[in-house]
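Each chain, letter by letter, is given below.
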Amino acid sequence: MDELTAAMRETLGDAGINLKRLAAKTGISYCALYNSLGFGGKGRDLRAEEFMKICRVLKRDPWEFIP
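Residues numbered from 1 in each chain as written. Predicted model: local features only at pLDDT ≥ 70, side-chain atom pairs only at ≥ 80, totals over all residues. Heavy atoms only, no water.

Draft legend 1. Local environment of the overall build of the chain. Within the chain one finds four helices and zero strands. Its helices and strands in sequence order give the chain the pattern α-α-α-α, from N to C terminus. Here the C-alpha radius of gyration of the chain, 10 Å, is about what a compact globule of 67 residues would show, namely 11 Å. Oriented by its inertia axes, the alpha-carbon framework of the chain measures out at about 25 × 25 × 20 Å. In the chain, buried positions account for 33% of the 67 residues. Here the chain holds 11 positive side-chain charges and 9 negative ones, and the gap between their average locations is 10 Å. (Helix = DSSP H or I, 4+ residues; strand = E, 2+ residues; numbered from the N terminus. Rg over C-alpha atoms; globule rule 2.2 N^0.38 Å. Buried < 20%, exposed > 50% of the residue type's maximum accessible area, 1.4 Å probe, protein only. Lys, Arg positive; Asp, Glu negative; His and termini not counted. Charge placed at Lys NZ, Arg CZ, Asp CG, Glu CD.)

Draft legend 2. Looking closely at the confidence of the model for the chain. For the chain, mean pLDDT is 91; residues scoring 70 or higher make up 100% of the total. Model confidence for the chain, summarised as mean pLDDT per element, is weakest for helix α1 (residues 3–15) at 90 and strongest for helix α2 (residues 19–26) at 96. (pLDDT = per-residue confidence, 0-100.)

Draft legend 3. Quick look at α1. For α1, built from 13 residues, the straight-helix expectation of 18 Å at 1.5 Å per residue is met to within 8% by its first-to-last C-alpha distance of 18 Å. For α1, the secondary structure elements touched by its buried residues are α2, α3 (30–37) and α4 (48–58). Capping the start of α1 is the job of one residue whose side-chain oxygen sits 3.3 Å from the backbone nitrogen of L4: D2. Immediately beyond the C-terminal end of α1, within one or two residues, lies G16, with a positive phi of roughly 70°. (Expected span 1.5 Å × (residues − 1). Contact = heavy atoms within 4.5 Å. Polar contact = N/O pair within 3.5 Å; in protein donor to acceptor, adjacent residues only side chain to side chain.)

Draft legend 4. Main features of the environment of L19. Relative to the helices and strands, L19 resides in helix α2. Classification of L19 by relative accessible area gives buried; the value is 16%. In this structure the C-alpha to C-alpha distance between L19 and C31, which are 12 residues apart in sequence, comes to 9.3 Å. Non-local contacts of L19, meaning those with residues more than four positions away in its chain, are made with Y30, L33, Y34, L37 and G38.

Draft legend 5. Inspection of the nonpolar core at higher detail. Residues M8, L33, L37 and I54 are the most contacted members of the largest nonpolar core, which totals 14 residues. When near neighbours in sequence (up to four residues on either side) are disregarded, L37 contacts T5, M8, R9, L12, L19, L46 and I54. (Core = buried A, V, L, I, M, F, W, Y, C linked by side-chain atoms within 4.5 Å.)

Draft legend 6. Geometry of the packing of aromatic side chains. Enumeration according to the criterion identifies two aromatic pairs in this entry. Both rings, one in F51 and one in F65, keep their centres 5.4 Å apart while their planes meet at 80°; by these two values the pair is edge-to-face. Taken together, the residues span a long stretch of sequence, with F51 in helix α4 and F65 in the segment after α4 at a distance of 14 residues. The pair F51 / F65 is uniform in exposure class, with both members buried. (Phe/Tyr/Trp six-rings, centres within 6.5 Å; stacked < 30°, edge-to-face > 60°.)

Written out as structure tokens, the structure is:
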């Protein structure tokens with residue numbers, strides 16, 4: 001898992017964001033979100049478009065996730 005995906009996972013966990021609700025709001029499939037961000041997922045890196053959609057829903061600046 002890359003650093004951006006790990007940072008996003010941490011942010012979503014801290015905020016208590018439900019992946020099913022996030023899927024509905026972003027249009028990203030639940031399976032893709034689970035594989036990227038779920039604790040039992042496959043460690044799939046988020047795609048840039050997915051990352052940006054999540055940032056938009058969270059109303060967060062993507063630069064906040066850059067280490």
